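Secondary and tertiary structure notes
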Amino acid sequence: MLLIQAILNGIFIGSVYGLIALSLTLIFGVMKIINFAHGSFLMIGMFTTFSFTSLTNYNPYISLIVVCPLLFFLGYIVQNFLIKSVLIAEQDIREPIGVLLLTSGLWIFLDNIFMVFFGPDYHALPAPFSKLSWSFGDLILINKARFFAFLVSCLAALILHFFLRHTELGRSIKAVGQDREMAGLLGIDVYKIYNIAFGVACAIVGIAGTMLTTFYYVHPNVGALFGIKAFIIVILGGLGSIGGALLGGIIVGLIESFGAQFISATMTEGLIYIIFLSVLFFRPSGLFGLKYEW
């Protein structure tokens, strides 16, 4: 029973990790850049859900009607007015270093802005959403918030997969990710696609933020914790692989869940990094990395 409980907990939290990593790998797959401010966008999504629920007393899942448009708009604006100018200046460089510096500065800026307005305190939803659970027998407990987070994460991943595969805009995003010069010659507005892709990625990480808020505390530096895990998962699953990001997140979730049963939290984190470094050494493309890009 303990084994089943650990597996379920690992899959549930791992699916949220995977959704965060999925949105990060979407940015890399299309724009070929790494967004160091990704965790900060997650934090904004969490604070939006927390504030919405605290002010309205509505179910936190309803906050998605605010979180998704807000994070999409914010991502679109950041890409269009900040990152775009750096990309144009370094358009002949495959992985612009300037963007790394820009997003690193944005990460520090956003975290400190929220520190000013919300303070360094830890916040939690006013209603006991995180404590509601189903009981199966005497040993298996399924936390409702984590279960719904798993369902929503899988649904969001499926919607993104359908969007990229079966819509004209999605195919345009994939085309830019494969060859932006050729896509431009075919009449696709590359930088508009960048804006949309970055906005979609931020909306996805906002969904993950809402799911986390239902069972995790919120504070201005919370994004750093999950942002670092997202980078590990992206490398573990394979850069540019959407399925790999989700599966990589579940793997990390299972390692944490099983580790909590047998070893300390510090040793569990160390084990994750050991596996991460091993994958980098023996399979740099990741466990599920693509031979060819999108």
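So, a few notes on the structure that sits alongside this text. (Residues numbered from 1 in each chain as written. Predicted model: local features only at pLDDT ≥ 70, side-chain atom pairs only at ≥ 80, totals over all residues. Heavy atoms only, no water.)

A closer look at the overall build of the protein
The secondary structure content of the protein amounts to 11 helices and two strands. Secondary structure of the protein in N-to-C order comes out as α-α-α-α-β-β-α-α-α-α-α-α-α. Across its three principal axes, the protein shows a C-alpha extent of roughly 65 × 45 × 35 Å. Taken across its 294 residues, the protein has 49% of its residues classed as buried. In the protein, the share of contacts with a sequence separation of at least 24, taken over all contacts with a separation of at least 6, comes to 76%. (Helix = DSSP H or I, 4+ residues; strand = E, 2+ residues; numbered from the N terminus. Buried < 20%, exposed > 50% of the residue type's maximum accessible area, 1.4 Å probe, protein only. Contact = heavy atoms within 4.5 Å.)

Quick word on the pattern of salt bridges
Per the counting criterion, the structure on display carries two salt bridges. In this structure, Arg180 engages Glu181 in a salt bridge whose closest nitrogen and oxygen atoms are separated by 3.5 Å. Here Arg180 falls in the partly exposed class, since its relative accessible area comes to 22%. Across the pair Glu256 and Lys229 runs a salt bridge, and its minimum N-O distance is 2.5 Å. Taken as a pair, Glu256 in helix H10 (residues 242-262) and Lys229 in helix H9 (residues 222-237) lie far apart in primary sequence, 27 residues in all. With respect to class, Glu256 is no different from Lys229; both count as buried. (Salt bridge = Lys/Arg side-chain N within 4 Å of Asp/Glu carboxyl O.)

Structural notes on the packing of aromatic side chains
Going through the model one piece at a time under the given rule, you end up with 17 aromatic pairs. Measuring from ring centre to ring centre gives 5.1 Å for Tyr216 and Phe226, while their planes differ by 75°; the resulting arrangement is edge-to-face. In this pair, Tyr216 is assigned in the loop between helix H8 (190-213) and H9 and Phe226 in helix H9, connecting sequence segments 10 residues apart. In textbook terms, an aromatic cluster arises when at least three aromatic residues are bridged by ring pairs, as seen for Phe12, Tyr61, Phe147, Phe148 and Phe150. (Phe/Tyr/Trp six-rings, centres within 6.5 Å; stacked < 30°, edge-to-face > 60°.)

Here we look at the nonpolar core
In summary, soluble globular proteins display a tendency toward joint burial of nonpolar side chains. One finds Ile20, Val30, Met31, Phe41 and Leu212 to be the most contacted residues of the largest nonpolar core, which totals 74 residues. Looking at this core, the element that brings in the most residues is H8, giving 15 residues. Among residues more than four places away in sequence, those in contact with Leu212 are Ile13, Val16, Ile20, Leu42, Met46 and Phe226. (Core = buried A, V, L, I, M, F, W, Y, C linked by side-chain atoms within 4.5 Å.)

What about helix H4 (residues 97-118)?
Between its first and last C-alpha, H4 extends 32 Å over 22 residues, near the 32 Å set by a 1.5 Å rise per residue. As for H4, its buried residues are in contact with helix H2 (38-56) and helix H3 (64-89). Phi turns positive one or two residues past the end of H4, at Gly119, with a value near 75°. (Expected span 1.5 Å × (residues − 1).)

Brief notes about unusual backbone geometry
Positioned with a positive phi, Lys32 is a non-glycine residue whose angle comes to about 60°. On the basis of relative accessible area, Lys32 is assigned to the buried category, the value being 9%. One non-glycine residue with positive phi stands out, namely Asn57, at about 60°. Within the element layout of this structure, Asn57 appears in the loop between H2 and H3.

Some points on the environment of Gly237
By secondary structure assignment, the location of Gly237 is in helix H9. It is 9.1 Å that separates the C-alpha atoms of Gly237 and Ala21, two residues lying 216 residues apart in sequence.

Regarding the packing of H2 against H9
Running from N to C, H2 and H9 point in directions that differ by 130°, and their axes come no closer than 7 Å. Classified by the interaxial angle, the pair formed by H2 and H9 is oblique. Taken as a pair, H2 and H9 cross one another with a handedness that is right-handed. From H2, Gly39, Leu42, Met43 and Met46 reach across to H9, where they touch Val222, Gly223, Phe226 and Gly227. Its residues assigned to classes, the contact of H2 with H9 comprises five nonpolar, three polar and no charged. (Axes fitted to C-alpha atoms, helices over the stretch in contact; angles between N-to-C directions. Parallel < 35°, antiparallel > 145°, perpendicular 65-115°, else oblique. Left-handed = near helix turned anticlockwise from the far one by under 90°. Nonpolar A, V, L, I, M, F, W, Y, C, P; charged D, E, K, R; others polar.)

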